Amino acid sequence: MRGKFITLEGPEGSGKSTQAKMMIRRLAELGIEAITTREPGGTALGEEIRNILQHNQAGEAPCERAELLLFEASRNQLVEKVIRPALENGTWVICDRFMDSTTAYQGYGRGLPVDEVKAIHLFTINDVTPDLTLLLDLEVETGFERIAERFLALGESADRFEQEERSFHERVRQGYLKLAAEEPDRFRIVDASQDPKTVSVDIWATVKPLLKGE
Ligand code: TMP
């Protein structure tokens, strides 16, 4: 049987990576084989693209459409090299960000035409569509407070997206909420302002029906 494909979406600091790890642990306890991966990245080529996108190493930020296409290139590589083979093998895939990130950040955030952005996704994902998308929603300011704590703890600094102004991130958040309202069958909104354990309980309640093939 084909594995299930679950994507985690949300604004900065929404705790997606922590939740992905917790979900994998729960699935493993039930004997379900599952992998986590992330975007941009998840393949050798994708991780190189991630570096280009986040850290502006060429000293020249990509133009808006170039930025979008770099995300799409990383995504197609991940779909064909990792996600599709895993699903066909019966393995579940939990992906930290996927196509809805591009619609939210490049479409709603940067202001590229959303319908055109969505059409490009169809070409990129080549029929590999998430069974479930969890939107970990929280206030932009709360997310940035969490990131600031992480920076202090790990000595990291803000990447190109985290440096964007708050209004950009507010457009991203509202964009996500709009996407979730448009596709209620695929999306579930989770209140990510709660503590990680409570968030994981809420997430599990939405993932459980997939175990029975619902
Ligand atoms: P993250 O892995 O820490 O969430 O960082 C990825 C960053 O890239 C984050 O700021 C969101 C941004 N992003 C986009 O702008 N568009 C996309 O399609 C994806 C996958 C991520």
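These numbers were taken from a predicted model, which means no experiment stands behind them. (Residues numbered from 1 in each chain as written. Predicted model: local features only at pLDDT ≥ 70, side-chain atom pairs only at ≥ 80, totals over all residues. Heavy atoms only, no water.)

**Observations regarding empty space enclosed by the protein**
Moving on, step 1. Per the stated rule, a full pass over the model turns up one cavity of 30 Å³ or more.
Moving on, step 2. Quantified by volume, the largest cavity comes out at close to 30 Å³.
Moving on, step 3. Gln 19, Met 22, Met 23, Arg 26, Ser 200, Ile 203 and Trp 204 are the residues that line the largest cavity.
Moving on, step 4. Residue assignment for the lining of the largest cavity shows that the elements contributing at least two residues are helix 1 (16-29) and helix 8 (196-211).
Moving on, step 5. Ranked by residues supplied to the lining of the largest cavity, first place goes to helix 1 with four residues.
Moving on, step 6. Class assignment of the residues belonging to the lining of the largest cavity gives a composition of four nonpolar, two polar and one charged. (1 Å grid on protein atoms, 1.4 Å probe; cavity = no way out; pocket = protein on both sides within 12 Å on 5 of 7 lines; lining within 4 Å. Points joined across faces, edges and corners; volume = space filled by probe spheres on them. Helix = DSSP H or I, 4+ residues; strand = E, 2+ residues; numbered from the N terminus. Nonpolar A, V, L, I, M, F, W, Y, C, P; charged D, E, K, R; others polar.)

**Some thoughts on the packing of aromatic side chains**
We describe a pair of aromatic rings using the distance from one ring centre to the other and the angle between the two ring planes.
Moving on, step 1. Taken as a whole and assessed by the stated rule, the structure comprises five aromatic pairs.
Moving on, step 2. Relative to Phe 161, the ring of Tyr 105 has its centre 6.3 Å away and its plane inclined at 90°; by these criteria the two rings are edge-to-face. Of this pair, Tyr 105 sits in helix 4 (residues 99-109) while Phe 161 is found in the loop between helix 6 (140-154) and helix 7 (166-182), placing the two residues 56 residues apart along the sequence.
Moving on, step 3. Taking relative accessible area as the criterion, Tyr 105 reaches 5% and is therefore assigned buried.
Moving on, step 4. Pairwise contacts between aromatic rings join Phe 71, Tyr 105, Phe 161, Phe 168 and Tyr 176 into one cluster.
Moving on, step 5. Directly above the ring of Phe 161 sits Arg 160, whose terminal nitrogen or CZ lies 4.9 Å from the centroid. (Phe/Tyr/Trp six-rings, centres within 6.5 Å; stacked < 30°, edge-to-face > 60°. Buried < 20%, exposed > 50% of the residue type's maximum accessible area, 1.4 Å probe, protein only. Lys NZ or Arg CZ within 6 Å of the ring centre and 35° of its normal.)

**Points about the nonpolar core**
Moving on, step 1. One finds Ile 6, Leu 8, Met 23, Ile 94, Leu 134, Ile 203 and Val 207 to be the most contacted residues of the largest nonpolar core, which totals 20 residues.
Moving on, step 2. Breaking this core down by element, the ones donating at least two residues are strand 1 (5-9), helix 1, strand 3 (92-96), strand 4 (132-137) and helix 8.
Moving on, step 3. Top element by residues in this core is helix 8. It accounts for five residues.
Moving on, step 4. Discounting residues that sit within four places of it in the chain, Ile 94 has contacts with Ile 6, Leu 8, Ala 20, Met 23, Ile 24, Leu 27, Ile 35, Thr 36 and Thr 37.
Moving on, step 5. Within the second largest apolar cluster, 15 residues are counted, among which are Leu 135, Phe 168, Tyr 176 and Phe 187. (Core = buried A, V, L, I, M, F, W, Y, C linked by side-chain atoms within 4.5 Å. Contact = heavy atoms within 4.5 Å.)

**Remarks on helix 7**
Moving on, step 1. Over its 17 residues, helix 7 runs 24 Å from end to end, which matches the ideal 24 Å to within 8%, given 1.5 Å per residue.
Moving on, step 2. Considered for burial, the residues of helix 7 that qualify are Phe 168, His 169, Val 172, Arg 173, Gly 175, Tyr 176, Leu 179 and Ala 180. An end-on view of helix 7 places all buried positions within 160° of arc, on one side of the element.
Moving on, step 3. Against strand 1, helix 4, helix 5 (114-125), strand 4, helix 6 and strand 5 (187-191) lie the buried residues of helix 7. (Expected span 1.5 Å × (residues − 1). Arc of directions from axis to C-beta.)

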